[in-house]
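Letter by letter, the chains look like this.
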Amino acid sequence: MSRLRVIVVGMGFMGLLHARAVRGLRSAELVGVVDLNETAATTAGESLGVPAFTDLAQAIRESRAQAAIIATPDPSHRRPTEVALDAGLAVLVEKPLATTVEDAQAMTELARRQGARLMTGHLFRFDARYAQAAETIRSGRLGKPFLFTARHWSTRSLGARVGEVTSPLWHFSIHHIDAIQWISGASIESIDGAQALASAGGSSAFLAIGALSSGAGFQISTGWTLPDTGGRSTEFEAHCERGVVRITFAPGGGLALWDETRGHEVEATAWPLIHGRIEGLLRREIEHFVEAVLDGTDFVITPEDAIAAISSAVALENASIRRTAP
Ligand SMILES: NC(=O)c1ccc[n+]([C@@H]2O[C@H](COP(=O)([O-])OP(=O)(O)OC[C@H]3O[C@@H](n4cnc5c(N)ncnc54)[C@H](O)[C@@H]3O)[C@@H](O)[C@H]2O)c1
């Protein structure tokens, strides 16, 4: 079996998970890791047993990579993606593809000119619950959807880690925007209200309501408001003429541990460790990317889908009222 030679760029929280997941695939070979920060690159390279680089172009030349996974912070996706596409690599970019429509379109146009493959990692596309919700709703069995709701609450400590470079809108709502647009086959068309709310205590939330091009309403609430002791929750609902689809995430995917000082929710859905291998949605996403590149088949997420999600996120951000609460 031919194996796709993959490098992973950005050795932070997500990039390390991607690199470990790639190492667990039979269809791919991890051939290097890259980070602008030399210590982050070297530490990751040593722990994964692969060459480490601080320069992506050099990494591509020396590792003879055929594909790159870009896991740099949200506003820093374009540059490394362009370097990889310029070299003709297939590229999987963490969500969002970019934080402006202009950047996303430029990346997509470059991929087209280079004849290179480009996919964005909207993880819910690889969740059996979302895929079945999409199929059920699109089959028309429940009649036309008239309301979509999504909520996603995480911890303030996540906000403390990522809040300088991103926001609940770009970190969480973008997942739900893509899911709603994918499942409904419609796009966000009008916004009745949106609010970016921050508190002095480190909580942050993004709330929005509006309508889709199909006429259905939508409501999205996301944020980091919880203490580390627990309570993370995600829920998606589609209310249709003749029924309702509801997806509920048990906190941490249903796995919790308590020690003598506090409780911990352990991630058991997105990237659980099973018998030493990263499994779950992340593995499915990367496996899909790798197999579609090797087989020359279509990705389930097109660059146009990624641009549509960004375009809606930008519209929501521009429409939002910013408030600071005590
Ligand atoms: N799909 C999901 O559920 C999910 C979850 C978490 C994060 N993410 C996404 O993953 C991406 C990374 O997030 P994170 O939390 O891992 O960030 P992070 O801050 O933990 O790590 C980012 C790393 O990238 C490095 N870096 C920055 N610019 C670089 C560049 N130009 N070239 C090489 N390295 C560079 C930094 O030094 C850092 O080590 C973000 O886009 C985020 O939205 C997705």
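Refer to the preceding data block for the structure.
Just so it is clear, the model here is predicted, and its values are computed rather than measured. (Residues numbered from 1 in each chain as written. Predicted model: local features only at pLDDT ≥ 70, side-chain atom pairs only at ≥ 80, totals over all residues.)

Novice: How should I be thinking about the site of the ligand in this particular structure?
Specialist: Lining the immediate surroundings of the ligand are 26 residues, of which Gly 10, Gly 12, Phe 13, Met 14 and Glu 94 lie closest. If you list the elements that add at least two residues to the shell around the ligand, you get α1 (13-23) and α4 (78-86). Broken down by element, the shell around the ligand gets its largest block of residues, 3 residues, from α1. Broken down by class, the residue content of the shell around the ligand amounts to 13 nonpolar, 8 polar and 5 charged. (Near = placed C-beta within 6 Å. Helix = DSSP H or I, 4+ residues; strand = E, 2+ residues; numbered from the N terminus. Nonpolar A, V, L, I, M, F, W, Y, C, P; charged D, E, K, R; others polar.)

Novice: Which parts of the structure should I look at to understand the sheet that holds strand β5 (residues 90-94)?
Specialist: Across the sheet, 6 strands lie side by side as β3-β2-β1-β4-β5-β6; this open sheet has parallel pairing. Bordering the open sheet on either side are β3 (52-53) and β6 (118-121), each of which pairs with just one other strand. Bridge analysis of β5 against β6 gives 4 bridges, and the strand direction is parallel. Along β6, the bridge assignment pairs Glu 94 with Gly 121. (Pairing = 2+ DSSP bridges.)

Novice: Any chance you could explain the packing of helix α8 (residues 168-184) against helix α10 (residues 303-319) here in plain terms?
Specialist: The description of two helices packed together rests on the angle between their axes and the distance between the axes. Where α8 contacts α10, the axes come no closer than 9 Å and their chain directions differ by 120 degrees. Compared by their axis directions, α8 and α10 come out oblique. Along this stretch, α8 crosses α10, giving a crossing that reads as right-handed. Each of Leu 169, Trp 170, Ser 173, Ile 174, Ile 177, Asp 178, Gln 181 and Trp 182 in α8 lies in contact with α10, whose residues at this interface are Asp 305, Ala 308, Ala 309, Ser 312, Ala 313, Leu 316 and Glu 317. Across the contact of α8 with α10, the residue classes break down as 9 nonpolar, 3 polar and 3 charged. (Axes fitted to C-alpha atoms, helices over the stretch in contact; angles between N-to-C directions. Parallel < 35°, antiparallel > 145°, perpendicular 65-115°, else oblique. Left-handed = near helix turned anticlockwise from the far one by under 90°. Contact = placed C-beta atoms within 7 Å.)

Novice: Any chance you could explain the pairing of strand β7 (residues 145-155) here in plain terms?
Specialist: Looking along a regular strand, one sees side chains alternate from face to face of the sheet. Note: β7 against strand β11 (residues 233-240), 8 bridges, orientation antiparallel. Its bridge partner being in β11, Thr 149 is matched across the sheet by Glu 237. By the bridge criterion, 9 bridges tie β7 to strand β10 (residues 217-226) in an arrangement that is parallel. Bridge pairing in β10 links Leu 147 to Gly 217.

Novice: When you look at the sheet that holds strand β17 (residues 321-325) in this model, what are you seeing that I'm missing?
Specialist: The strands making up a sheet associate through backbone hydrogen bonding, with each pair oriented either parallel or antiparallel. The mixed open sheet is built from 7 strands, whose spatial order is β12-β11-β7-β10-β9-β8-β17. Each having just a single partner strand, β12 (243-249) and β17 make up the two edges of the open sheet. Averaged over all neighbouring strand pairs, the angle between strand axes comes to 10 degrees, with direction disregarded. Docked against the sheet, helix α6 (residues 128-139) engages β7, β11 and β12, running at close to 170 degrees with respect to β12. Its contacts with the sheet place α10 against β8 (188-199) and β9 (204-212), and it is angled at close to 60 degrees to β8.

Novice: Whenever I open this one, unusual backbone geometry confuses me. Can you help?
Specialist: Peptide bonds are trans in most cases, and residues, glycine excluded, mostly fall at negative phi. With an omega dihedral of -15 degrees, the bond running from Lys 95 to Pro 96 counts as a cis peptide bond. Within the element layout of this structure, Pro 96 appears in the loop between β5 and α5 (101-114). The phi torsion at Arg 64 lies on the positive side, around 50 degrees, for a residue other than glycine. With respect to the helices, strands and loops of the structure, Arg 64 is situated in the loop between α3 (56-63) and β4 (67-70). A positive phi is found at His 275, a non-glycine position, where the angle reads about 50 degrees. Relative to the helices and strands, His 275 resides in the loop between β15 (273-274) and β16 (277-278).

Novice: Explain α5 here, please?
Specialist: Every α-helix carries 3.6 residues per turn, so stepping three or four residues along brings you back to the same face. Counted at 1.5 Å a residue, the expected span for α5 with its 14 residues is 20 Å, and the 20 Å between its end C-alpha atoms agrees. By the burial criterion, the buried members of α5 are Asp 103, Ala 104, Met 107, Thr 108 and Ala 111. An end-on view of α5 places all buried positions within 130 degrees of arc, on one side of the element. More than 90 degrees from the buried face of α5, the exposed residues found are Glu 102, Glu 109, Arg 112 and Arg 113. Buried residues belonging to α5 abut α4, β6 and α10. Where α5 ends, the next residue or the one after it, Gly 115, has phi of about 65 degrees, a positive value. (Expected span 1.5 Å × (residues − 1). Buried ≥ 20, exposed ≤ 12 C-beta atoms within 10 Å, placed from the backbone. Arc of directions from axis to C-beta.)

Novice: Mind showing me how you'd approach α3 here?
Specialist: Every buried residue of α3 is listed here: Leu 56, Ala 59, Ile 60 and Ser 63. Along the axis of α3, the buried positions cluster into a sector of 100 degrees, meaning they face one direction only. In this structure, α3 carries Gln 58 and Arg 61 as exposed residues pointing more than 90 degrees from its buried face. Buried-residue contacts for α3 involve β1 (4-9), β2 (28-34), β3 and α4.

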